[in-house]
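# Coordinates in review
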Amino acid sequence: MAPDGVTAATDLFGTETAETALALGVPPKRISTIAAGPNPPGGVRATGGTDAGPDALKRITDGILAGRITVPIAATFPIEQIRDAVTLQAGRHVHGKIVVTV
């Protein structure tokens, strides 16, 4: 999935992604987590939306558009199928984001 290696990671659920990134050699300062509590593993940075600077959304968007940040999309649903989207996400076996189009 990452032929050039993994250089950064964000864990959005628990600590599994953070622990895997550490095992792959990603420096702790390049790993963040929003769900590991106040003491994430291996010096990983616990963060949340309140830590974001005023330009964070623009920097993230620019990174995605430039191809520096990849956001995997697992499935896309029209708004009329939102119940199906929520059911899929609730199963917690999704590898990527669930997109709902309006």
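To start, this report covers the structure provided alongside it.

## Quick look at the pattern of salt bridges
- Following the criterion strictly, the structure yields 2 salt bridges and no others.
- A salt bridge links R59 to D55, with the nearest nitrogen and oxygen atoms 3.4 Å apart.
- On the accessibility criterion, R59 (54% relative accessible area) is exposed.

## Considering the sheet that holds strand 2 (residues 31-33)
- An order of 1-2-3 is seen for the 3 strands of this open sheet, with the pairing classed as parallel. Edge positions in the sheet fall to strand 1 (9-11) and strand 3 (45-46), since each of these pairs with one other strand and no more.
- Pairing analysis gives 2 bridges linking strand 2 to strand 3, with the strands arranged parallel. When the bridges of strand 3 are listed, T33 appears paired with A46.

Each value, and the rule that gives it
Residues numbered from 1 in each chain as written. Predicted model: local features only at pLDDT ≥ 70, side-chain atom pairs only at ≥ 80, totals over all residues. Heavy atoms only, no water. Salt bridge = Lys/Arg side-chain N within 4 Å of Asp/Glu carboxyl O. Buried < 20%, exposed > 50% of the residue type's maximum accessible area, 1.4 Å probe, protein only. Pairing = 2+ DSSP bridges. Helix = DSSP H or I, 4+ residues; strand = E, 2+ residues; numbered from the N terminus.

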